[in-house]
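What the coordinates show
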Amino acid sequence: MSEAKPYYIPKQLVWEAYQRVKANQGAAGVDGQSLEMFEKDLGGNLYKLWNRMSSGSYFPPPVRLVEIPKGNGGGTRPLGIPTVADRVAQTVVKMVLEPKVEPLFHPDSYGYRPGRSALDAVGTARKRCWKADWVIDLDIKSFFDSIPFDLVERAVAHHTELPWVRLYVARWLRASVQHPDGTLEERTRGTPQGSSISPILANLFLHYAFDMWMQRNFPSVQFERYVDDVIVHCQSERQAKLVLDSIRERFKQCGLELHPVKTQIVYCKDKCRPGKYEAVKFDFLGYTFQPRLAKDRWGRFFVSFLPAISNKAAKEIRATIRQWRIVTTRHNQKLEEIVRWLNPVVRGWMNYYGKYYRSKCVQVLHHLNKVLAAWARGKYKKLRQRERESMRWLRRIAQRDPKLFVLWQLGVRP
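Report follows, based on the coordinates. Nothing here was measured: the structure is a model prediction, and the numbers come from that model.

Here's the deal with the overall build of the protein chain
Secondary structure summary: the protein chain contains 17 helices and 11 strands in total. Seen through its principal axes, the protein chain has C-alpha atoms that stretch 80 × 60 × 40 Å. Looking at the protein chain residue by residue over its 414 residues, the buried ones come to 48%. The long-range fraction of contacts in the protein chain, counting pairs at least 24 apart against all pairs at least 6 apart in sequence, stands at 66%. Entry remark: accessible area of the protein chain is about 21,300 Å², with carbon and sulfur atoms responsible for 49%.

Spelled out as structure tokens, the structure:
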């Protein structure tokens, strides 16, 4: 280290951070520089970044703000897109900070953590809903826009003595936001969704604001948290109300607010839990938990409290299929080409949404067979205006080559 470069940051660390950014791809930031453009002078760009970070003279550019539609049609959600160089810089700090805090995180924190997934959280919630009668479905209002800077910085400082990590976290928190019309907005709270450093900062903040607080104050109450998506299990309605009131006050102390409408107490109704209650279902990570028919080991039906693909997720899948415009834009392709292009996407949907109560996901994806039949009617004159015949045509192909389409391999035949 020298006076010109007071911070020791290995060049290899910057290179490894760039490799991670490259693997994740991503859009250009406010400078309009894509990953491909950045790579045209890769050595020079990475050296410049390392030089500035080591000297303490690196200041993050504004974050480009884009509004992405919410899946439920309820407006938009702001997403911040840093520049490529800034994503590399953030990843450098993340790679230093993560090994220090990750081993300390609560076992029921699942979001953006190595070796943990959203499906793990859904599976754990599923088992616990069978054991506890009540659930608190927490919705933190505008979480990523509300996190207080000082509490995040205090948490970071608690886990690292490296001054450059603290310095750049503080600068990223305060980096301005550039709106689509070019205007800049200074920020006084929050951390932009979309930046590389935000997930670990959000997890670190909620580790102290929620996880550890719950462990101290309600050690017997279990929960699952995927960043700001939280489910809490209670044994009685009375306990649920008490815990919810306490959580609401705790979040208020930490600069957060629970959504007054979306936050709810839910009764996990099943065959052993009679009675009528206003709320008997909730959504969690793309699944709706509610009373559903299930089969016991003897083949008899009974009512259990189970997760299945949510209506919101199903609508998003149907909307995605419509956006592909397979029927109107892919007449120049063969069926084999289309289904090979579809296969990775469909496999991903089935792997996630078909993990629990698979039949519900199958119902949604069966729509793709109808889309392919409609494509055939548009491509082949002999099938036009003949819906039944187009479906028979597709059925014959599925019988001849059942492994062609992953949907057919899963038993969803036309």
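That was the structure; now back to the text.
Remarks on empty space enclosed by the protein
The rolling of a water-molecule-sized probe over the atoms marks out the regions of remaining empty space. Under the defined criterion, the tally for this structure stands at one cavity of 30 Å³ or more. Estimated volume of the largest cavity: approximately 60 Å³. Contributing to the lining of the largest cavity are V63, D86, Q90, W172, L173, A175, T191, P192, S195, I197, S198 and L201. Contributions of two or more residues to the lining of the largest cavity are made by α4 (84-101), α8 (163-174) and α9 (198-217). Among the residues forming the lining of the largest cavity, the class breakdown is seven nonpolar, four polar and one charged.

Rules used throughout
- Residues numbered from 1 in each chain as written.
- Predicted model: local features only at pLDDT ≥ 70, side-chain atom pairs only at ≥ 80, totals over all residues.
- Heavy atoms only, no water.
- Helix = DSSP H or I, 4+ residues; strand = E, 2+ residues; numbered from the N terminus.
- Buried < 20%, exposed > 50% of the residue type's maximum accessible area, 1.4 Å probe, protein only.
- Contact = heavy atoms within 4.5 Å.
- Areas by Shrake-Rupley, 256 points an atom, 1.4 Å probe, with all protein chains shown as cover.
- 1 Å grid on protein atoms, 1.4 Å probe; cavity = no way out; pocket = protein on both sides within 12 Å on 5 of 7 lines; lining within 4 Å.
- Points joined across faces, edges and corners; volume = space filled by probe spheres on them.
- Nonpolar A, V, L, I, M, F, W, Y, C, P; charged D, E, K, R; others polar.

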